[in-house]
Amino acid sequence: MSHSYYNKQWQEAQAALIDLLQQENPPEPPKPERDRLAAFQLLATMYIKYIQIFRKLEQSYDQIVHPQKRLVLRHCLDGVMGRVVELKHEMMNLEFSEYHYFDDVLSDLKLTPNDVEIPIPKYFTHERMKNIKEREKLLGQVLAKIGPQDLEREKEEIRMPWEQAIKIIQIHERARQGRLRAKFMREIRQQEDREKQAQTQGAPTLDIDVAAMRIQKVWKGFSQRRKTRKEREEEMIFIGMTPAPLPTSTKNLPQTFAQKTEELRRKTQEVHEHEYQQALVNIRENIIQNEGPDMKESMMDQIRQWFIECRDATGKFPEYPSSDDGGSAVIFKEKDPAELQKELNDKDENKGKGGKKGKKGKKEKKGKKGKKGKKGKKGKKGGKGKKGDDEEEEEGWKMAPSNFVPAVNEATGTYKGIWVNRDESDNFAQKHDSELIKEDKRKEVETEIRTQVDELMRVELANLKAAVDRDKKGKKGKKGKKSGKKKKKKGKKSGKKGKKGKKGKKKEKDLTPDRTIDDLYEELVTQGIIIRCPQVKLSDYEGEYSYLGTTLRQANIEPMPSLSDVRRLLTEFGILPLGSPAVHENCPMTKSIMLAGPRGTGKKMLVHAMCTELGANLFDLSPGNLAGKYPGKDGLKMLMHLIFKVGRALQPSVFYIGDCEKMFKKKIPKTDPTDPKRLKKELPKALKSIKGEDRILLVGTTRCPQDADMKPLLACYQRVILIPRPDYASRHLLWRKLILKHGGLLTNHIDISSLSKATDGFTAGHMVTACQQVLTDRRIQQLSKKPLQAIEFLGPLARLDPIYKEEEEAFKTWYSKTPMGKKRAKAAQADQEDGDGGGKDKKGKKGGKKGKKGGKKGKKKK
């Protein structure tokens, strides 16, 4: 794609964003929305529109090479990304569910599920690629040191007696010789049979012309059938009924050329960014050298002129504005010298009075509050009915104020002010714009020179006063200086008090002050706590979109989420906040996630995909992995200190705990050597210390969450993502993808639909196992002669235990007992009662009558 294409895409995204910001910033505050479904429709529509804008901005930021445009784009992209996460939390608080379904909104907006798939910004890893490669190199070096020791241990464990080894070799050798002998004897017997048949039948008597005609007939039939079959396959590919065959070579594909172009543009970005950083330094130096002296002289002349004007207008020299008030920048506002001097004098007078007035004002307010409080206590009984009416009027849903809309407004304002109508016909290479740099650097240089000039002119003003004012006014001026010094001293004292206050707060003691982060990192790798993460992308976690979610909810049936919904949730709760520091600091914080689902649903794969997409460190804190490491209380303290110190230094970091329910089990078998309750107290405490700037996430996986004590488990894990077994649509998609991935071919001989129906209850892990067992190297070589059939996969699957519906229902029952599940059930019950519409009005009227009676009683008492 060209520069103009991505510029146009950015323009389209900004136009859509401007329309959406008008809705975000209404001229009048909107009225509360009482209908929960209408509020959700509003949020869902905004959410989908923001995702569409997010997709365009992400692609533009990834490919635009202009360094100054990329600064504005990045600011806008982080704001939109954060707003998407905010809207997700808004919908969750409204619907009391982590999963939401937008099929009705998509049909209204004429969109497909692919149009609202949340992208993962590529800058998460591309801009940190150098650091990621260095860390991967260090990890490889440490693992290379450890590797041979582990291999020797395995060899020692798998030793076999010499006699037994010789006996096994002899048995296999005798079997091999027997197979060869049998093969030779079978070939000799077949040759003898052919010779006997030739002797009995004699020479062939068929006519040559008849033989030629038969050969032609057979060949023409075969050739025509092959041609027809080929044409039919091409037609089916053309109409989209069968997938196109995989190309033997990917060198000349359009996708390959597009990827190469994208890589070239990223390299160009690095070159242009380097040139831009150099230009910032060079242009600033040029401005200081060429324009700096003129700026300094003009400022000093203007300030001296101000001295004279103030002297003429007021009869005395003015007080120079302090640096806190802005210095000489305050002087050049559009005001007369007399007005300015009057304002400065008023400020000095009000500084002393302000404290007293403030104290009085506080006392008066407190007094008023106290009186109001007493009145309120007296009239409690009388005011019930009226308060109830006011609360009913104010009831309804209001959108919470956003932390990201101001950032989006700022980026949009920059775009409107600079880039929307800028002529770039001469900048074909899309390098930096020197004029924009000069404008910014002039302001910086001007502020720097102004501070220098202020210091010089303060001294000059003091000298003028000393030379001209020798009378009582001069002495007052000196007193004024002394008072100023005293104020400064007071400021210093208050500063010391502030320091004492800070010292009063307890700081975490650094247990490893003399060791570097690389040294600590190496220790954790050696202990097996930091592990190498397999390179898995989140897009590899296949799953179809849920098209009936809204329909089922309207029928008061809670649908099971699809695998596509799981992928979306992990992106919103984990990947987007951890990838961007700006988003993580301002969005609602998610410190921990629990992935709960049956075996084979891909929980561990999701953790690996998250680490791959973020380029994050993976800390394995599973009970089995920590067994025997850092024993005792001191060892546990050191472990927690190490993982959090290294995790913060090399963020983003993911702490992984497998079988996390064991930590909160009521009873643990005495034979379990892993001591799973070891982190039960320390880990929740440590999670509380995570702040907005710490991009650390705890992820736990569990197959049986119902075995754990629910209250401490949910106190430790903030979000619960329930992973179901795949539905029919997801199984259909998974079979197609997995067969192609393992080297198979999708032909008319394999019925994917029937295979998907027959494998109900089997998870993606079961399907992968079946594909590995069926599609061996030998079977792949036979595919041209013997096409693949669906029945071949049923044999390996029959040896595996499926996930029965009762197990899935157990997960749903457990989830319904969680706080979020209880809130969801109450909300659904309230919706049903609202639908019935019975009994509420009468109760409300009775309450109103009681309130009126109470109000009369309260008045009588008064």
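Scroll up a little and you will see the structure.
Because the structure is a prediction, the values reported are computed rather than measured.

Reading the values: rules and limits
Residues numbered from 1 in each chain as written. Predicted model: local features only at pLDDT ≥ 70, side-chain atom pairs only at ≥ 80, totals over all residues. Heavy atoms only, no water. Axes fitted to C-alpha atoms, helices over the stretch in contact; angles between N-to-C directions. Helix = DSSP H or I, 4+ residues; strand = E, 2+ residues; numbered from the N terminus. Parallel < 35°, antiparallel > 145°, perpendicular 65-115°, else oblique. Left-handed = near helix turned anticlockwise from the far one by under 90°. Nonpolar A, V, L, I, M, F, W, Y, C, P; charged D, E, K, R; others polar. Patch = residues over 30% accessible without salt bridge, like charges linked within 9 Å, V, L, I, M, F, W, Y side chains within 5 Å. Areas by Shrake-Rupley, 256 points an atom, 1.4 Å probe, with all protein chains shown as cover. Salt bridge = Lys/Arg side-chain N within 4 Å of Asp/Glu carboxyl O. Lys, Arg positive; Asp, Glu negative; His and termini not counted. Charge placed at Lys NZ, Arg CZ, Asp CG, Glu CD. Buried < 20%, exposed > 50% of the residue type's maximum accessible area, 1.4 Å probe, protein only. Pairing = 2+ DSSP bridges. Contact = heavy atoms within 4.5 Å. Phe/Tyr/Trp six-rings, centres within 6.5 Å; stacked < 30°, edge-to-face > 60°. Lys NZ or Arg CZ within 6 Å of the ring centre and 35° of its normal. Right-handed = clockwise from strand over helix to strand, strands pointing away.

Chemist: Quick question: what am I supposed to make of the packing of helix H10 (residues 292–314) against helix H14 (residues 434–468) here?
Modeler: A packed helix pair is summarised by two numbers, namely the angle formed by the two axes and the spacing between the axes. Two numbers describe how H10 lies on H14: the axes approach to 9 Å, and their chain directions differ by 40 degrees. Looking at the two axes, H10 sits oblique to H14. The hand of the H10/H14 crossing is right-handed. For the contact of H10 with H14, the per-class residue count stands at 13 nonpolar, one polar and eight charged.

Chemist: Would you mind showing me how to read a positive patch on the surface here?
Modeler: Together, Lys633, Lys637, Lys677, Lys680, Lys681, Lys685 and Lys688 make up a positively charged patch on the protein surface. Of all the secondary structure elements, the ones that give two or more residues to the positive patch are helix H22 (632–649) and helix H23 (682–688). Here lysine 688 shows up in helix H23. For lysine 688, a relative accessible area of 70% gives the class exposed.

Chemist: Got a minute to help me understand the sheet that holds strand S3 (residues 617–620) in this structure?
Modeler: Pairing between the strands of a sheet comes from backbone hydrogen bonds, and it takes one of two forms, parallel or antiparallel. The strand order S1-S3-S4-S5-S2-S6 describes an open sheet built from six strands, whose pairing is mixed. The open sheet has two edge strands with one neighbour each: strand S1 (530–531) and strand S6 (719–722). Sitting on the sheet, helix H20 (residues 603–614) is in contact with strand S2 (592–596), S3, strand S4 (653–658) and strand S5 (696–702), with an inclination near 165 degrees to S5.

Chemist: Is there a simple way to explain the packing of aromatic side chains in this structure?
Modeler: Ring pairs (aromatic) are described by centroid distance and by the angle formed between their planes. Applying the stated criterion across every chain, the model contains 14 aromatic pairs. Taking the centre distance of 5.2 Å and the plane angle of 80 degrees together, the rings of tyrosine 5 and tyrosine 6 count as edge-to-face. Of the residues examined, tyrosine 6 reaches a relative accessible area of 3% and is grouped as buried. Summarising the aromatic geometry, the rings of tyrosine 123 and phenylalanine 124 are spaced 5.0 Å apart at their centres and angled 75 degrees between planes, so their arrangement reads as edge-to-face. In this pair, the class of tyrosine 123 matches that of phenylalanine 124, namely buried. Joined through ring pairs, the aromatic side chains of Phe40, Tyr47 and Phe102 make up one cluster. Between arginine 311 and the ring centre of phenylalanine 317, over which it is positioned, the NZ or CZ distance is 5.3 Å. One residue, arginine 719, lies across the ring of phenylalanine 573, its end atom 5.6 Å from the ring centre.

Chemist: Explanation requested: unusual backbone geometry in the structure shown.
Modeler: Most peptide bonds adopt trans geometry, and most residues besides glycine take a negative phi value. With omega at 0 degrees, the peptide bond leading from glutamine 651 into proline 652 counts as cis. The residue proline 652 is located in the loop between H22 and S4 in this model. Of note in this structure, glutamine 430 is not a glycine but carries a positive phi near 60 degrees. Relative to the assigned elements, glutamine 430 resides in the loop between helix H13 (405–419) and H14. Despite not being glycine, tyrosine 630 shows a phi value in the positive range, around 50 degrees. Counting through the fold element by element, tyrosine 630 comes out in the loop between helix H21 (623–626) and H22.

Chemist: What exactly am I supposed to notice about the pairing of S5 here?
Modeler: Along any regular strand the residues' side chains alternate between the sheet's two faces. The element S5 is largely enclosed, with a buried count of seven among its seven residues. The alternating pattern of S5 places Ile696, Leu698, Gly700 and Thr702 and Leu697, Val699 and Thr701 on opposite faces, both of which are buried. Pairing of S2 with S5, which is carried by five bridges, proceeds in the parallel orientation. Each residue of the ladder has a partner; that of methionine 594, found in S5, is glycine 700. Pairing of S4 with S5, which is carried by six bridges, proceeds in the parallel orientation. When the bridges of S5 are listed, tyrosine 656 appears paired with valine 699. Note that the unit made of S4, H23 and S5 has a crossover that is right-handed.

Function cannot be inferred from these measures alone, as they are strictly geometric.
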